[in-house]
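Okay, here's what each chain looks like letter by letter:
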Amino acid sequence: MHHIAKNGGTFFKQFLYLLDNDQLFEASGVLHDWDKELQRANHVPKDVIRQSDFGLIIIRNPIHRFLSVYFDKVYIGGGSRRPGMNREFFDQHSIDQSERLDARGHIKNCMKLAEWSAKNLAGKTIAKRNWHLVPQLHQLAQVHELNFRVLTLETFDWQLEHVLKDLVPEIRSKIKQVGKTNKSTKPVPKSEVLTPELKELLKEIYNDDFKVFRQVRQYWRDAKARESGN
């Protein structure tokens, strides 16, 4: 599995840990510090990985991924700032962190994040490209030669079961055991934040990501329809 930031990584790492240890991992201090907890394929030859049917990477609707970054890394509503977003962004932008911020306030915050993201990805900021904002195609390109299966977070449980059921016969119960992890609370519905202006800006920033996501999403919709027809 190759992880793209904000694309269900915590769930999948918990899932892998459960398969290897027959129990869930209990995080202590650092939620995302999995380096010592998971078995890695660092020394497995590329040909072996390429021939496997179980190499996976997860992609997501770019708009939903952006909002996940916003609600998890930018808007904290009066709480403690979480790691993952460059200090430069906060130094340059006044973000409204009101506890009961309305949709209009979130829209203003999101526009600031989107505009800074465009600059960051274009190399026009002092900070290096933020991995929570980098286009998903960057990571897809890294595993292209390895022939990974590409899943989406839409109908993810079904896709995961479809791909791994031969390897993990009890996969359905394992998925239920992991449940939902690292799910951030959304104080307002996404639909109230996604103005036409914000959507257009995100489509411009993540144009290629949108194209690939739609293709992969349609592939799985067709696969599920075929299975349902049987």
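In short, a report on the structure. On a predicted model such as this, the values are computed, not experimentally measured, just so you know. (Residues numbered from 1 in each chain as written. Predicted model: local features only at pLDDT ≥ 70, side-chain atom pairs only at ≥ 80, totals over all residues. Heavy atoms only, no water.)

### A few points about the overall build of the protein
The line we're drawing: Only DSSP runs of H or I covering at least 4 residues are called helices, and only runs of E covering at least 2 are called strands; the numbering of each starts at the N terminus. Based on C-alpha atoms, the radius of gyration is set beside the globule rule, defined as 2.2 Å times the residue count to the power 0.38. Only protein chains enter the accessibility calculation, which uses a 1.4 Å probe; a residue is then buried when its area is under 20% of its type maximum, exposed when over 50%, and partly exposed in between. The contact rule is simple, with two residues in contact once any of their heavy atoms fall within 4.5 Å.
For the protein, the count of helices and strands is 11 helices and 2 strands. The secondary structure elements of the protein, listed N-terminal to C-terminal, are α-α-β-α-α-α-α-β-α-α-α-α-α. Compactness check: the protein gives a C-alpha radius of gyration of 19 Å against a globular reference of 17 Å for 230 residues, within 12% of the reference. Dimensions of the protein, computed from C-alpha atoms along their principal axes, come out at roughly 50 × 40 × 35 Å. Burial status across the protein gives 44% buried among its 230 residues. For the protein, the proportion of contacts with a sequence separation of at least 24, taken over those separated by at least 6, is 70%.

### Notes on the packing of aromatic side chains
Selection rule: For this analysis, a ring pair means two rings from Phe, Tyr or Trp (six-membered ring only for Trp) whose centres lie within 6.5 Å, classed as stacked if their planes differ by under 30 degrees, edge-to-face if by over 60, and tilted for the remaining angles.
Applying the stated rule across the entire model yields 11 aromatic pairs. With 6.5 Å between their ring centres and 65 degrees between their planes, Phe12 and Phe156 make a pair best called edge-to-face. Here the residue Phe12 occupies a position in helix H1 (residues 9–21), and Phe156 occupies one in helix H7 (residues 156–164), the gap between them amounting to 144 residues. Ring centres 6.1 Å apart and planes at 80 degrees place the aromatic pair Trp158 and Trp220 in the edge-to-face group.

### Brief notes about the environment of Phe11
Looking at where Phe11 falls in the secondary structure, it is placed in helix H1. In this structure, the C-alpha to C-alpha distance between Phe11 and Ile175, residues 164 residues apart in sequence, is 9.0 Å.

### Let's talk about the pattern of salt bridges
We apply this condition: By definition, a salt bridge exists where a carboxyl oxygen of Asp or Glu is found within 4 Å of a side-chain nitrogen of Lys or Arg.
Evaluation of the coordinates by the stated rule reveals 9 salt bridges. Residues Glu145 and Lys46 are paired through a salt bridge, measuring 3.2 Å at the closest nitrogen-oxygen approach. Highlighted residues: Glu145 in the loop between helix H6 (136–142) and strand E2 (149–152) and Lys46 in helix H2 (residues 46–51), separated in sequence by 99 residues. For Glu145, a relative accessible area of 42% corresponds to the partly exposed category. As a salt-bridge pair, Arg172 and Glu161 come within 2.6 Å of each other at their nearest N and O atoms. Residue Arg172 is found in helix H8 (residues 171–178), and its partner Glu161 is found in helix H7; the two are separated by 11 residues along the sequence. Each member of the salt-bridge network shares a partner with another, and the members are Lys6, Asp72, Lys73 and Arg82.

### Side note on the packing of helix H5 (residues 103–121) against helix H10 (residues 196–205)
Definition in use: Lines fitted to C-alpha atoms define the axes here, with helix axes fitted over just the stretch in contact, and angles between the N-to-C directions of these axes take values from 0 to 180 degrees. Any angle from 65 to 115 degrees is called roughly perpendicular, while one under 35 is roughly parallel, one over 145 is roughly antiparallel, and all others are oblique. Each crossing gets its handedness from the near helix: less than a right angle anticlockwise from the far helix is left-handed, clockwise is right-handed. All amino acids are sorted into three groups, where Ala, Val, Leu, Ile, Met, Phe, Trp, Tyr, Cys and Pro are nonpolar, Asp, Glu, Lys and Arg are charged, and the leftover types, Gly among them, are polar.
Relative orientation of the contacting elements H5 and H10 amounts to 15 degrees, with a least axis distance of 10 Å. Accordingly, the angle class assigned to the pair H5 and H10 is roughly parallel. Regarding H5 and H10, the two cross each other, and that crossing is left-handed. The residues of H10 that touch H5, namely those facing Cys110, Met111, Ala114, Glu115, Ala118 and Leu121, are Glu197, Leu198, Leu201, Leu202 and Ile205. For the contact of H5 with H10, the per-class residue count stands at 9 nonpolar, no polar and 2 charged.

### Notes on H8
The periodicity of an α-helix, 3.6 residues per turn, causes residues three or four places apart in sequence to face the same way. Going by this rule: By arc we mean the arc of the directions from the helix axis to the C-beta atoms, nothing more.
Of the positions making up H8, those classed as buried are Ile171, Lys174, Ile175 and Val178. Taken down its axis, H8 places every buried residue within 100 degrees of arc, on the same side. Opposite the packed face of H8, turned more than 90 degrees from it, sit the exposed residues Arg172 and Lys176. Buried-residue contacts for H8 involve H1 and H7.

### Some details on unusual backbone geometry
Across the chain, the bulk of peptide bonds are trans and the bulk of non-glycine residues have phi less than zero. Within the chain, Asp22 stands out as a residue other than glycine whose phi angle is a positive 60 degrees. As for its placement among the helices and strands, Asp22 is situated in the loop between H1 and H2. With a phi angle near 60 degrees, Asn147 is a residue other than glycine that sits in the positive phi range.

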